[in-house]
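Each chain, written out:
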Amino acid sequence: MASDVPVATLQEPAGRSGKRFKVVRQLFRNRLSVLGLFIVLLVIVAALFAPYVAPYPEDAGPKVHFDRALQPPSAAHWFGTDDVGRDIFSRSVFGSRLALQFAVVVLGIALTIGIPLGLVAGYWSGSTLSTLILRVTDVFLAVPPLALALAVTVAFKPSLTTAMVAISFTWWPWFTRLIYGETLKLRTEPYIEAARALGQNPMIINFKHILPNIISPIIVKATLDVSFVILLGSSLSFLGVGAQEPTPDWGAMVARGRLYLPFEWWVSTMPGFAIFITVVGFNFLGDGLRDALDVWDQ
Amino acid sequence: MNTWQYVARRLVQLVPTLFGLLILIFAIARIMPGDPVRLALGPEATQEQVEAFRRELGLDQPLWRQFVSYVSGLAKGDFGTSIRTFRSVGQDMKDTLAATLELVIAALVIAVVLGIPVGILTAIYRDSWVDNLARAVAISGVALPRFWVGIMLQVSVAAGLGIFPIIGRDGGEVPNTVTGFYTVDALLQGDLGLFGSALRYLILPAFTLALPTAAQLARLTRASMIEALRQQYVLVHRAYGIRRSRIAWHFALRNSLTSVLTLLGLTFGALIENAVLVEVVFSWPGISAYGAAAVLAKDFNAVVGVTLVIGVAFLLANLIVDLLYGVLDPRVRYG
């Protein structure tokens, strides 16, 4: 049939059968990404079942047992105990819950704002609205995220929610920029032009045809960003503008442990180690996904 | 267009971004629900004293008028008064900026010296065990929380082995200020003992700041070197029998330098950003630690000032990188 050729070139890349399977196989071929996936699953399980995993679940709150304060790591207390006798391992397990929640909320907000703005800026590139969006992201990107987030917290009482709001506030422009760039590349693809020529609603073109085809870089960035957001969140808590006592936040726990250095080293060391392991897991996984999905650095 | 016109144009382009940043930070800092004046004066202050101080700071004025007077102050180099130190924010920042720059530059040097050679080596020996090991180490290195690395080094190297001081920037004796960098000033003074002491205080914080960045730099250098080694001319050189390592060091490296340069811009930004964590851990008297203390004290003039200074440093670093492109890569024309 004569119509075969144009139809074939108008085929959207997304939704090709067998692609998903290839990605999974590729991901499992890399040992580091398998390790990353394993760590990530472990952290998710710890977070979901924290009350069952933690040997002393009541220690996640404002409990005190002065009789067993500042004990070094042992069989009963794997990570030792803190200055009021709470089990640091149990608190670290509950900390995974906070960290994941934190990352999901922040990235959820950042994507909700970042995706539509990025699509609009890319699809109608050159329009006043697009220019306005890009200029606004320029302002946000002019300051590194930690510095901007820190400045934002000045307007609020220190709390976990404050840290979340502050980081979401600084994070969306990075997604907007990424999606803008990807949309710009796709805008002139034949299958988009065709949809436009057929008089398709731009909203549908954007969300049904463009978005599914730029989802790979978004997934890779979001996975890697989980680790950055967890690092940033714990940094804010460490600096005292994020989660407060008795919240079992990793960063806040490290900060509190500083008072007992260098002799009671485990109070700071163990929660920091939890941050490190979690972030490594998401980094390995994100890195593997980048290779498997064949996404290149911008 | 010549270079200077290009520089001028880029500088002019920074103005709207900076102005937007100013509006943004100012709006955030002034809509805070807490009462900074009450916080600064303490619970003992009477209502009249609070009102008087509020008037003195101009906080009784409408927001737009506060902004106008802040901007006209800025134009004269006046960043307002800190409600925490009761000094001029400009003076406070001037006193702390050099400490941060010394730390960041030292960290940049360490990150480059560690990161770039590792990136090049892993690209040359791609997929060997060296590469795999270095990759695993580099990806883990990026995951290190800096505040935690600092504490670990304090416990092990500083307190445990006693080689380096745990916190601070000087042992009580400070060189005469020329550049504000203690190490450089001590050298200018010809005082080697003082130089050694300044260096001992500098090393741990600088290393802490540099470590995750060095890891990141190694990863990115590897990627750009691999890209450069894929080019056709590399094949031609290989066909002539030139050794792989020689091609890498002599030809591919120069060609990947421009992307490494971009990385340096990013690196500088990451270092400025994260200096705050290192400064707090090591009680390093820099501008970021000053900013963090200001945030906790709701000292908005200081917060706005520090954020602006960091923003300017960040934007200037990117500008310098852009300009260096033209020097390193003649294909890049200013336009």
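Residues numbered from 1 in each chain as written. Chains lettered and ligands numbered in written order. Predicted model: local features only at pLDDT ≥ 70, side-chain atom pairs only at ≥ 80, totals over all residues. Heavy atoms only, no water.

## Details of the confidence of the model for chain B
Scored by pLDDT, chain B comes out at a mean of 85, with 96% of its residues at no less than 70. The secondary-structure element of chain B with the lowest mean pLDDT is helix 2 (residues 36-41) of chain B, recorded at 74, while helix 12 (residues 287-296) of chain B shows the highest, at 93. (pLDDT = per-residue confidence, 0-100. Helix = DSSP H or I, 4+ residues; strand = E, 2+ residues; numbered from the N terminus.)

## Side note on the interface of chain B and chain A
Interface size is commonly expressed as the accessible surface area that is lost when the partners come together. Listed as interface residues are 43 residues of chain B and, on the opposing side, 51 residues of chain A. Taken together, both faces of the contact between chain B and chain A bury some 3,900 Å²; the carbon and sulfur share is 77%. Among the residues chain B hides against chain A, the three largest losses belong to F147, W148 and E273 of chain B. Together they make up 15% of the total. Put simply, chain B and chain A have three salt bridges between them. D287 of chain A is the partner of R135 of chain B in a salt bridge, and the nearest nitrogen-oxygen pair spans 3.5 Å. Taken together, chain B and chain A are joined by eight residue pairs in polar contact (both at pLDDT 80 or more). The set of elements that each furnish at least two residues to the side of chain B that touches chain A consists of helix 1 (3-30), helix 6 (129-142), helix 7 (146-160), helix 9 (192-229), helix 11 (244-281), helix 12 and helix 13 (300-328) of chain B. When the residues that make up the side of chain B that touches chain A are grouped by side-chain class, the tally is 31 nonpolar, seven polar and five charged. (Contact = heavy atoms within 4.5 Å. Buried area = accessible area lost by both parts, 1.4 Å probe. Salt bridge = Lys/Arg side-chain N within 4 Å of Asp/Glu carboxyl O. Polar contact = N/O pair within 3.5 Å; in protein donor to acceptor, adjacent residues only side chain to side chain. Nonpolar A, V, L, I, M, F, W, Y, C, P; charged D, E, K, R; others polar.)

## Examining the packing of aromatic side chains
Scanning the model with the defined rule gives 14 aromatic pairs over all chains in all. Ring centres of F79 of chain A and F89 of chain A lie 5.1 Å apart, and the angle between their planes is 85°; on these two criteria the pair is classed as edge-to-face. Taken together, the residues F79 of chain A in the loop between helix 4 (50-53) and helix 5 (88-123) and F89 of chain A in helix 5 connect sequence positions 10 residues apart. Take F89 of chain A: its relative accessible area is 16%, and that puts it in the buried class. Taking 6.0 Å as the distance between ring centres and 25° as the angle between the ring planes, the aromatic pair formed by F276 of chain A and W148 of chain B counts as stacked. Remark: W148 of chain B occurs in helix 7 and F276 of chain A occurs in helix 13 (residues 266-293); the pair is interchain, linking two chains. (Phe/Tyr/Trp six-rings, centres within 6.5 Å; stacked < 30°, edge-to-face > 60°. Buried < 20%, exposed > 50% of the residue type's maximum accessible area, 1.4 Å probe, protein only.)

## What to know about the environment of V241 of chain A
Along the chain, V241 of chain A falls in the loop between helix 11 (215-239) and helix 12 (250-257). Looking at V241 of chain A, the relative accessible area reads 5%, which means it is buried. Spatially, the C-alpha atom of V241 of chain A lies 42 Å from that of R187 of chain A, the residues being 54 residues apart in sequence. Non-local contacts of V241 of chain A, meaning those with residues more than four positions away in its chain, are made with L150, T153, P158, S159, T162 and L236 of chain A together with V295 and L296 of chain B.

## What about the confidence of the model for chain A?
Low pLDDT marks stretches whose predicted atomic positions should not be read closely. Per-residue pLDDT for chain A averages 88, and the proportion of residues at 70 or more is 93%. Residue range residues 1-8 of chain A is modelled with pLDDT below 50. Its contacts to residues more than four positions away, or to other chains, number zero contacts.

## Quick notes on helix 8 (residues 160-186) of chain A
Residues and elements named next belong to chain A. Between the first and last C-alpha of helix 8 there are 39 Å, a value that for 27 residues agrees with the 39 Å anticipated at 1.5 Å per step. If you look at helix 8, its biggest bend is around 25°, right at F169, and the proline P173 turns up within four residues after that. Most of helix 8 sits inside the fold, with 19 of its 27 residues counted as buried. The opening residue of helix 8 is S159, an N-cap whose side-chain oxygen sits 3.3 Å from the backbone nitrogen of T161. (Expected span 1.5 Å × (residues − 1). Bend = angle between axes of the 7 residues up to and from the residue.)

## What about the side chain of T267 of chain B?
All names here are of chain B. For T267, the position within the fold is in helix 11. The buried category is assigned to T267, whose relative accessible area is 4%. Non-local contacts of T267, meaning those with residues more than four positions away in its chain, are made with L108, T213 and L217.

## Focus: unusual backbone geometry
Following E245 of chain A, the chain continues into P246 of chain A via a peptide bond in cis, with omega recorded as 0°. Following L261 of chain A, the chain continues into P262 of chain A via a peptide bond in cis, with omega recorded as -5°. Its place among the elements puts P262 of chain A in the loop between helix 12 and helix 13. In this structure, F86 of chain B is a non-glycine residue whose phi angle is positive, near 55°. With respect to the helices and strands, the residue F86 of chain B is situated in the loop between helix 4 (63-75) and helix 5 (89-124).

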